[in-house]
Amino acid sequence: MAVWEREDHGQWTCPKCGNVYAITCMRYPSKDRVEISCECGELIFRGNTTRDYDNAFIRKGDPGDSRNNHRFD
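Below is a summary of the structure that appears in this document. (Residues numbered from 1 in each chain as written. Predicted model: local features only at pLDDT ≥ 70, side-chain atom pairs only at ≥ 80, totals over all residues. Heavy atoms only, no water.)

Overview of the overall build of the chain
Counting its regular elements, the chain contains zero helices and three strands. Reading the chain from its N terminus to its C terminus gives the helix and strand order β-β-β. Sequence separation of at least 24 residues holds for 51% of the intrachain contacts in the chain that already meet a minimum separation of 6. Of the accessible surface of the chain, which amounts to about 4,900 Å², a share of 45% is contributed by carbon and sulfur atoms. (Helix = DSSP H or I, 4+ residues; strand = E, 2+ residues; numbered from the N terminus. Contact = heavy atoms within 4.5 Å. Areas by Shrake-Rupley, 256 points an atom, 1.4 Å probe, with all protein chains shown as cover.)

Structure (structure tokens):
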């Protein structure tokens, strides 16, 4: 049986409310529909992927910092 490890994908800042999240994922052998959102309802990621993304709230922040966001794929 394979051993799956959680991967770190850095932080994401919501452009709507400024909340900051730590993004992690697990890789699986088959694709599945994944969707994660900010507490305010802003979509962080949606798609069919072999990665199961998860977000953990870190702190409230400034929406202006959202320029530091990166794309998940």
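Additional details are given in the paragraphs that follow.
Structural notes on the state of the cysteines
All chains considered together, the criterion is met by zero disulfides. Not engaged in a disulfide, the cysteine C38 finds its nearest cysteine sulfur in C17; these two sulfurs lie 3.5 Å apart. C38 sits in the buried class, given a relative accessible area of 5%. (Disulfide = S-S within 2.5 Å. Buried < 20%, exposed > 50% of the residue type's maximum accessible area, 1.4 Å probe, protein only.)

So, the nonpolar core
W12, C14, Y21, I23, C25, V34, I36, C38, I44, F45 and Y53 together form the largest nonpolar core, which totals 11 residues. Taken together, the elements giving at least two residues each to this core come down to β2 (20–37) and β3 (43–59). (Core = buried A, V, L, I, M, F, W, Y, C linked by side-chain atoms within 4.5 Å.)

Topic: the packing of aromatic side chains
The full count for this structure, using the stated rule, is three aromatic pairs. Seen in terms of ring centroids, W12 and Y21 are 6.4 Å apart; in terms of plane orientation they differ by 40 degrees. Their pairing is tilted. Y21 sits in the buried class, given a relative accessible area of 2%. One aromatic cluster in this structure is built from W12, Y21 and F57. (Phe/Tyr/Trp six-rings, centres within 6.5 Å; stacked < 30°, edge-to-face > 60°.)

Here's the deal with the side chain of R51
Tracing the chain through its elements places R51 in strand β3. In this structure R51 is buried but unpaired, with E7 as the nearest side chain of opposite charge at 4.5 Å. One polar contact links R51 to Y53, side chain to side chain, over a distance of 3.4 Å. (Lys, Arg positive; Asp, Glu negative; His and termini not counted. Salt bridge = Lys/Arg side-chain N within 4 Å of Asp/Glu carboxyl O. Polar contact = N/O pair within 3.5 Å; in protein donor to acceptor, adjacent residues only side chain to side chain.)

Side note on the sheet that holds β3
Pairing between the strands of a sheet comes from backbone hydrogen bonds, and it takes one of two forms, parallel or antiparallel. On the basis of which strands lie adjacent, the open sheet formed by three strands has the order β1-β2-β3 and antiparallel pairing. Looking at strand neighbours, the two that pair on one side only are β1 (6–13) and β3, the edges of this open sheet. Neighbour-to-neighbour, the strand axes of this sheet turn through a mean angle of 30 degrees, independent of strand direction. In this sheet, β2 lies alongside β1 in antiparallel orientation, the contact comprising six bridges. Among the inter-strand pairings, T13 is bridged to a residue of β2, identified as V20. (Pairing = 2+ DSSP bridges. Axes fitted to C-alpha atoms, helices over the stretch in contact; angles between N-to-C directions.)

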